[in-house]
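Chain by chain, the residues:
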Amino acid sequence: MRLINTKTLQIEDFSGRKAPRYAILSHTWGNEELTFQDWLYIQRLKSKEGYHKMTKACERARQSQHNSPACQWLWADTVCIDKSSSAELSEAINSMFEWYRRAEVCYAYLVDVAPMSGEEELSKCSQRTSPFRQSRWFRRGWTLQELIAPWSVIFLSKDWTYIGTKSTLAKHISTITTIPENCLSGNWPRIRDQTSIAQKMSWAAWRQTTRIEDRAYSLMGLFEINMPLLYGEGEKAFIRLQEEMIKQTEDLSFLAW
């Protein structure tokens with residue numbers, strides 16, 4: 001597991017040793033995201049949108065606000081995974097749910113939501129026309145594990161100002177995602193044991209991923225499945241996911257989906 005030092009912006013590899021306390025970023029990808037290789041030459045890339053996003057995330061992680069601890073370290077999927085290595089990418093995706101679960105705090109950055117303040121404005125979050133509800137972050141396949149796994153999720157608008165937390169916005173998030181409020185607590189063992197596989201699958205049914213295979217891969221952590229990644233297999237990825245689920249449970253309610 002690689003982490004960004006939020007003070008020096010250097011990446012350090014903690015593979016084989018215990019990772020320190022860290023914050024984690026959940027976001028939608030833009031057109032100028034940086035990669036692991038880019039980060040090695042960040043001085044040349046300061047004009048890119050991805051650089052601004054990472055530095056703002058690091059700045060936010062260093063602060064202790066809204067009951068979230070200050071963290072010297074940050075994990076982000078764009079620059080902390082060497083995606084040129086298929087083995088590393090596979091290991092990261094198989095581990096990602098646990099990485100989100102162990103994070104001190106998850107920052108959900110909604111780049112398409114303007115700053116929000118005031119009780120009246122926040123009360124509109126679940127309305128169909130609300131920018132918060134319309135944010136494409138809620139439609140991502142990967143969002144499901146990034147919303148459920150962490151204990152603490154803080155929502156930030158496009159200028160990185162505070163919107164609310166998973167707890168304070170639970171009613172609105174439940175309306176948007178169909179995930180019951182009691183399943184947004186961050187208490188994964190309780191969510192896992194008290195929710196049927198079919199219900200969990202229903203939360204994912206309408207979500208979108210850029211690649212077909214990620215519709216299955218983004219659910220592996222939620223269903224506690226580990227399997228190799230085979231980009232190019234298309235819909236077969238979901239069949240493999242189902243086969244692994246059948247091996248591990250007698251709850252076959254997911255077949256309805």
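Residues numbered from 1 in each chain as written. Predicted model: local features only at pLDDT ≥ 70, side-chain atom pairs only at ≥ 80, totals over all residues. Heavy atoms only, no water.

Asker: Sorry, what's going on with the layout of surface pockets here?
Answerer: Unoccupied space between atoms shows up once a probe the size of one water molecule is rolled over them. What the largest pocket holds in volume is close to 630 Å³. Surrounding the largest pocket, 21 residues form its lining, Trp29, Arg140, Trp142, Thr210 and Asp214 being those nearest its centre. Per-class residue counts for the lining of the largest pocket are seven nonpolar, six polar and eight charged. (1 Å grid on protein atoms, 1.4 Å probe; cavity = no way out; pocket = protein on both sides within 12 Å on 5 of 7 lines; lining within 4 Å. Points joined across faces, edges and corners; volume = space filled by probe spheres on them. Nonpolar A, V, L, I, M, F, W, Y, C, P; charged D, E, K, R; others polar.)

Asker: Explain helix 7 (residues 170–177) here, please?
Answerer: Residues lying three or four places apart along an α-helix face the same way, a consequence of the helix completing one turn every 3.6 residues. Of all eight residues that make up helix 7, six are buried, and the element is covered over most of its length. Every buried residue belonging to helix 7 is among Ala170, His172, Ile173, Ser174, Ile176 and Thr177, and all of these are buried. Just past helix 7, the residue threonine 178 takes up positive phi, approximately 70°. (Buried < 20%, exposed > 50% of the residue type's maximum accessible area, 1.4 Å probe, protein only. Helix = DSSP H or I, 4+ residues; strand = E, 2+ residues; numbered from the N terminus.)

Asker: Is there a simple way to think about the pattern of salt bridges in this case?
Answerer: Oppositely charged side chains can form a pair if their charged atoms are brought close together. Following the criterion strictly, the structure yields 10 salt bridges and no others. Between glutamate 88 and arginine 2 there is a salt bridge, with the nearest N and O atoms lying 2.2 Å from each other. Residue glutamate 88 is found in helix 3 (residues 86–102), and its partner arginine 2 is found in strand 1 (residues 2–5); the two are separated by 86 residues along the sequence. Taking the relative accessible area as the measure of exposure, glutamate 88 reaches 21% and is therefore partly exposed. (Salt bridge = Lys/Arg side-chain N within 4 Å of Asp/Glu carboxyl O.)

Asker: Is there a simple way to think about the sheet that holds strand 3 (residues 22–27) in this case?
Answerer: In sheet architecture, strand pairing relies on hydrogen bonds along the backbone and comes in two forms, parallel and antiparallel. The mixed open sheet is built from seven strands, whose spatial order is 2-1-4-3-5-6-7. Each end of this open sheet is capped by a strand with a single partner; those strands are strand 2 (11–13) and strand 7 (162–165). In this sheet, adjacent strand axes meet at a mean angle of 30° when their direction is disregarded. When strand 6 (residues 153–156) meets strand 7, the two strands line up antiparallel, connected through three bridges. Bridge pairing in strand 7 links leucine 156 to tyrosine 162. Sheet contacts for helix 2 (residues 49–61): strand 1, strand 3, strand 4 (73–75), strand 5 (105–109) and strand 6; angle to strand 3, the most-contacted strand, approximately 140°. (Pairing = 2+ DSSP bridges. Axes fitted to C-alpha atoms, helices over the stretch in contact; angles between N-to-C directions. Contact = heavy atoms within 4.5 Å.)

Asker: Sorry, what's going on with helix 9 (residues 197–204) here?
Answerer: Of all eight residues in helix 9, seven are buried; the element is thus mostly enclosed. Of all the positions in helix 9, only Ile197, Ala198, Lys200, Met201, Ser202, Trp203 and Ala204 are classed as buried. Among the structural elements, helix 6 (143–148), helix 8 (188–194) and helix 11 (236–248) are those in contact with the buried residues of helix 9.

Asker: What is the right way to read the state of the cysteines from this model?
Answerer: Between two cysteines, a covalent bond joining their sulfur atoms is known as a disulfide. Per the stated rule, a full pass over the model turns up zero disulfides. No disulfide involves cysteine 71; its nearest neighbouring cysteine sulfur is the one of cysteine 58, lying 11 Å away. Here cysteine 80 stays free of any disulfide, with the sulfur of cysteine 58 as its closest cysteine sulfur at 8.6 Å. (Disulfide = S-S within 2.5 Å.)

Asker: What should I look at first to understand the side chain of glutamate 233 in this one?
Answerer: Note that glutamate 233 resides in the loop between helix 10 (214–217) and helix 11. Since its relative accessible area comes to 15%, glutamate 233 is described here as buried. Polar side-chain contacts of glutamate 233 include one of 2.5 Å to the side chain of tyrosine 217. For glutamate 233, the side chain forms a polar contact with the side chain of arginine 240, separated by 2.6 Å. Once you skip the residues sitting within four places of it in the chain, glutamate 233 turns out to touch Glu213, Tyr217 and Arg240. (Polar contact = N/O pair within 3.5 Å; in protein donor to acceptor, adjacent residues only side chain to side chain.)

Asker: Please explain the nonpolar core as it appears in this structure.
Answerer: A general trend in soluble globular proteins is that nonpolar side chains are found buried together. Among the nonpolar cores identified, the biggest contains 85 residues, and Trp75, Phe132 and Phe155 are the most heavily contacted of them. By residue number, the principal contributor to this core is helix 3, which donates seven residues. (Core = buried A, V, L, I, M, F, W, Y, C linked by side-chain atoms within 4.5 Å.)

Asker: Help me understand the environment of valine 111, please; the structure alone is not making it clear to me.
Answerer: Within the fold, valine 111 resides in the loop between strand 5 and helix 4 (119–122). Judged by its relative accessible area of 31%, valine 111 is partly exposed. In the structure, valine 111 is positioned 38 residues away from tryptophan 73 in sequence and 22 Å away in space, judged by C-alpha atoms. Among all residues touching valine 111, those that are not within four sequence positions of it are Thr28 and Lys158.

Asker: Before we go on, may I ask you to explain the pairing of strand 3 in this structure?
Answerer: Moving residue by residue along a regular strand, the side chains alternate between the two faces of the sheet. With respect to burial, strand 3 is a largely interior element, six of its six residues being buried. Where strand 3 lies against strand 4, three bridges are found, and the strand directions are parallel. Considered in strand 4, the bridge of alanine 23 is made with leucine 74. Note: strand 3 against strand 5, five bridges, orientation parallel. Bridge pairing in strand 5 places leucine 25 opposite tyrosine 107.

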